[in-house]
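Inside the fold
If you want the building blocks of each chain, they are given just below.
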Amino acid sequence: MQGLTPQDFELLVDLVFSNSGWRRISPVGKTQKMFDMELTLPITGERAYVQVKSYAGKSDLARHVAHLRNSDTYSRLFFVFHTTDNIEIEQYGDDVTVLDANKLARMVVNAGLT
């Protein structure tokens, strides 16, 4: 995953979510201020946003967790990265899912993208 361009890494993440039942409702290829993708899960109506980073630090994650906590729009955050030197995968609550390269790789396989 580290060999992918940032755009290709984001595309891979988009494919994982779309093959897992989530629908992207934000435009593809446009830069939004706080997120890379906005998703909805049609069966529940749940709305989530996804932040995709090639490299991420603790402050990046903390900023997005705070944004989610102050949001009335989103019920979930998916924070996805492949490289870090200081993020420990911790439990942030059921509404925050942190995906490193290992977890994402398993999701790629489970989504049938191999």
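You'll find the structure just up there.
Now for a description of the structure that goes with this document. All values reported here derive from a predicted model rather than from experimental measurement.

This brings us to the packing of aromatic side chains. Inspection of the entire model under this criterion finds 6 aromatic pairs. Aromatic side chains Phe35 and Tyr49 sit 5.9 Å apart centroid to centroid with 55° between the ring planes, which places their arrangement in the tilted category. One end of the pair, Phe35, is in the loop between β1 (23-24) and β2 (37-41); the other, Tyr49, is in strand β3 (residues 46-55), with 14 residues separating them in the sequence. An identical accessibility class is assigned to Phe35 and Tyr49; each is buried.

Turning to the packing of helix α1 (residues 6-18) against helix α3 (residues 101-110), a few remarks are in order. Where α1 contacts α3, the axes come no closer than 9 Å and their chain directions differ by 55°. On the basis of the axis angle, α1 is oblique to α3. The element α1 and its partner α3 pack so that their crossing is left-handed. Of the residues in α3, those touching α1 at Phe9, Leu12, Val13 and Val16 are Leu104, Met107 and Val108.

This paragraph deals with the nonpolar core. Of all hydrophobic cores here, the largest spans 17 residues; its most connected members are Val13, Phe17, Trp22, Val50, Val80 and Leu104. The set of elements that each furnish at least two residues to this core consists of α1, β2, β3, β4 (76-83) and α3. With 5 residues, the single largest contributor to this core is α1. Setting aside residues no more than four positions away along its own chain, Val13 makes contact with Met37, Val50, Val52, Val80 and Leu104. Ranked by size, the runner-up nonpolar core spans 14 residues in total, among them Met34, Val65, Phe81 and Ile87.

Here we come to a nonpolar patch on the surface. There is a patch of nonpolar side chains on the surface, built from Leu11, Leu15 and Leu113 and spanning about 220 Å² of accessible area. Along the chain, Leu15 falls in helix α1.

In terms of burial, β2 is a largely internal element, 5 of the 5 residues being buried. What you see with β2 is no split at all: Met37, Leu39 and Leu41 on one side and Glu38 and Thr40 on the other are buried throughout. Direction of pairing for β1 relative to β2: antiparallel, over a ladder of 2 bridges. The partner of Arg24 across the bridge, within β2, is Leu39. As judged from the 5 bridges shared by β2 and β3, these two strands associate in the antiparallel manner. Along β3, the bridge assignment pairs Thr40 with Arg47. The turn joining β2 and β3, which pair antiparallel and follow one another in sequence, is formed by 4 residues; a positive phi near 80° is taken by Gly45.

Calculation rules
- Residues numbered from 1 in each chain as written.
- Predicted model: local features only at pLDDT ≥ 70, side-chain atom pairs only at ≥ 80, totals over all residues.
- Heavy atoms only, no water.
- Phe/Tyr/Trp six-rings, centres within 6.5 Å; stacked < 30°, edge-to-face > 60°.
- Helix = DSSP H or I, 4+ residues; strand = E, 2+ residues; numbered from the N terminus.
- Buried < 20%, exposed > 50% of the residue type's maximum accessible area, 1.4 Å probe, protein only.
- Axes fitted to C-alpha atoms, helices over the stretch in contact; angles between N-to-C directions.
- Parallel < 35°, antiparallel > 145°, perpendicular 65-115°, else oblique.
- Left-handed = near helix turned anticlockwise from the far one by under 90°.
- Contact = heavy atoms within 4.5 Å.
- Core = buried A, V, L, I, M, F, W, Y, C linked by side-chain atoms within 4.5 Å.
- Patch = residues over 30% accessible without salt bridge, like charges linked within 9 Å, V, L, I, M, F, W, Y side chains within 5 Å.
- Areas by Shrake-Rupley, 256 points an atom, 1.4 Å probe, with all protein chains shown as cover.
- Salt bridge = Lys/Arg side-chain N within 4 Å of Asp/Glu carboxyl O.
- Pairing = 2+ DSSP bridges.

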